[in-house]
Amino acid sequence: MILIVGAKGMLGQDLMALFGPGARGVDLEDIDITSLESVQKVLFTIRPRVVINAAAYTDVDGCETNQELAMQVNGEGVAHLAMATSEIDAKLVQVSTDYVFDGGKGSPYLEDEPTAPLSVYGESKLAGEMNARFNPDHLIVRTQWLYGINGKNFVETMLRLATEKRELAVVDDQIGSPTWTVDLALAIKALVEKDCRGIYHAANAGFCSWNEFASAIFAESGLDITVNPMSTKDLGRPAPRPLYSTLDCGKLTRDTGFQPQPWREALKHYLKLRRL
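The following paragraphs examine the structure supplied in this document. (Residues numbered from 1 in each chain as written. Predicted model: local features only at pLDDT ≥ 70, side-chain atom pairs only at ≥ 80, totals over all residues. Heavy atoms only, no water.)

## Describing the side chain of Arg241
Inclusion rule: A helix here means a DSSP run of H or I that spans at least four residues, while a strand means a run of E at least two residues long, and both kinds are numbered starting from the N terminus. Any pair of N or O atoms that falls within 3.5 Å is considered a polar contact. Within protein, one atom must be able to donate a hydrogen and the other to accept it, and sequence-neighbouring residues count only if both atoms are side-chain atoms. What makes two residues a contact is simply this: any of their non-hydrogen atoms within 4.5 Å.
Turning to its location among the elements, Arg241 is positioned in the loop between helix H9 (232-235) and helix H10 (250-256). Here the side chain of Arg241 touches Asp61 through a polar contact of 2.7 Å, side chain to side chain. With near-sequence residues (within four places) excluded, Arg241 lies in contact with Val60, Asp61, Tyr99, Leu118 and Gln174.

Shown next as structure tokens:
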């Protein structure tokens, strides 16, 4: 049986739907990953063979002012899961992020390249990666720019703003791969079924800027919205962002045979699904 921690989140709900009867989900009302006692109580009772941790403190700017909470959830919480899963001989799957890189390479990142997070969020997620190693049977899946039906995300924000404005400014100097949570869930399933270990990158194929992503959202939705360019510096967010954090997902495909679809195709499927 597969246990999904953070089952009510955007990714968690897609994982639950994908794994079906073979999965059981827990969330905040069932487990507190910042407490080793809580984690042990749940895992020792359920005794799953695989634990997928889709729980995280993902407010990138909020992490800058809540450093302790970020480390407790994204770092220490993973240590608790790693220790408990190791004790019951279960695999730990930890979902991580492109924010562990500084974005200065200028080409897609491979799994074994040096990490250098720029933000507290990135530091806390890197701590989670390191702590996942307390369980030798660990799988770390880095992803980026997530959106899905079951949560707040960039696509929904853009579509909401389109009802209020005819012209928007969106940053054009951050480059990455928009990733549908359904495709990420499929990648995780493929990795689990092949019993893969170590670090893998999983994101939809291709890359773009946030500005290009916004333009594609409006174009695919049949909306005539002007999207003007702006720089990350002009946006003035509290947390620094990596400017080029595209992930090379070749290892995922080589080891599982699963190839994520192009980001724009995924966006089309998402927009069609949300209209149903």
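Alright, that's what it looks like, and here's the rest.
## Structural notes on the pairing of strand S3 (residues 50-53)
Test applied: When a residue's accessible area, from a 1.4 Å probe over protein chains only, is under 20% of the maximum for its type it is buried; when over 50% it is exposed; and in between it is partly exposed. Two strands pair if DSSP finds at least two bridges between them.
Residues of S3 alternate between two faces, with Val50 and Ile52 on one and Val51 and Asn53 on the opposite face, all of them buried. Sheet topology places strand S1 (residues 2-5) next to S3; 4 bridges connect them, and they run parallel. Paired with Ile2 across the bridge in S3 is Val50. Direction of pairing for S3 relative to strand S4 (residues 91-97): parallel, over a ladder of 4 bridges. Bridging from a neighbouring strand, Val50 pairs with Lys91 of S4.

## Describing the pairing of S4
As a reminder of what qualifies: Orient the strands so they point away from the viewer; a crossover is then right-handed if the path from the first strand over the helix to the second runs clockwise.
Among the 7 residues in S4, 7 count as buried, and that is most of the element. Judged by which residues are buried, S4 turns out to be covered on both faces: Lys91, Val93, Val95 and Thr97 on one side and Leu92, Gln94 and Ser96 on the other are all buried. Relative to strand S5 (residues 138-143), S4 runs parallel, the two being bridged by 6 bridges. Residue pairing across strands places Thr97 opposite Thr143, the latter belonging to S5. In this view, the connection linking S4 to its parallel neighbour S5 by way of helix H5 (residues 120-132) has right-handed handedness.

## Digging into the environment of Tyr109
With respect to the secondary-structure elements, Tyr109 resides in the loop between S4 and H5. Classification of Tyr109 by relative accessible area gives buried; the value is 4%. In this structure, the C-alpha to C-alpha distance between Tyr109 and Asp98, residues 11 residues apart in sequence, is 8.7 Å. With near-sequence residues (within four places) excluded, Tyr109 lies in contact with Phe101, Asp102, Gly103, Gly104, His201, Tyr244, Ser245, Thr246, Leu247 and Asp248.

## Considering the sheet that holds S5
Stated precisely, the cut-off is as follows: What counts as an axis is a line fitted to C-alpha atoms, over the stretch in contact for a helix, and the angles between N-to-C directions run from 0 to 180 degrees.
Here 6 strands make up an open sheet; going across it, the order is S2-S1-S3-S4-S5-S10 and the pairing parallel. Lying at the two open borders of the sheet, with one neighbouring strand each, are strand S2 (23-26) and strand S10 (198-201). Strand after strand, the sheet turns through a mean of 20° between neighbouring axes, direction not considered. Here 4 bridges tie S5 to S10, and the two strands are oriented parallel to one another. By the bridge assignment for S10, Leu139 is matched with Gly198. Where helix H1 (residues 10-19) meets the sheet, its contacts fall on S1, S2, S3 and S4, and the angle it forms with S1 comes to roughly 165°.

## Remarks on the pattern of salt bridges
Spelled out, the test is: Should a side-chain nitrogen of Lys or Arg be within 4 Å of a carboxyl oxygen of Asp or Glu, the pair is scored as a salt bridge.
Evaluated as defined, the whole model comprises 14 salt bridges. The salt bridge partner of Glu193 is Lys189, with a shortest N-O separation of 2.6 Å. Note that Glu193 and Lys189 are positioned in helix H7 (residues 181-193) at a spacing of 4 residues, about one turn of the helix. Exposure remark for Glu193: the relative accessible area of 56% places this residue in the exposed category. One salt-bridge network, held together by shared partners, links Lys91, Asp137, Asp195 and Arg197.

Everything listed is a geometric property; what it means functionally is a separate question.
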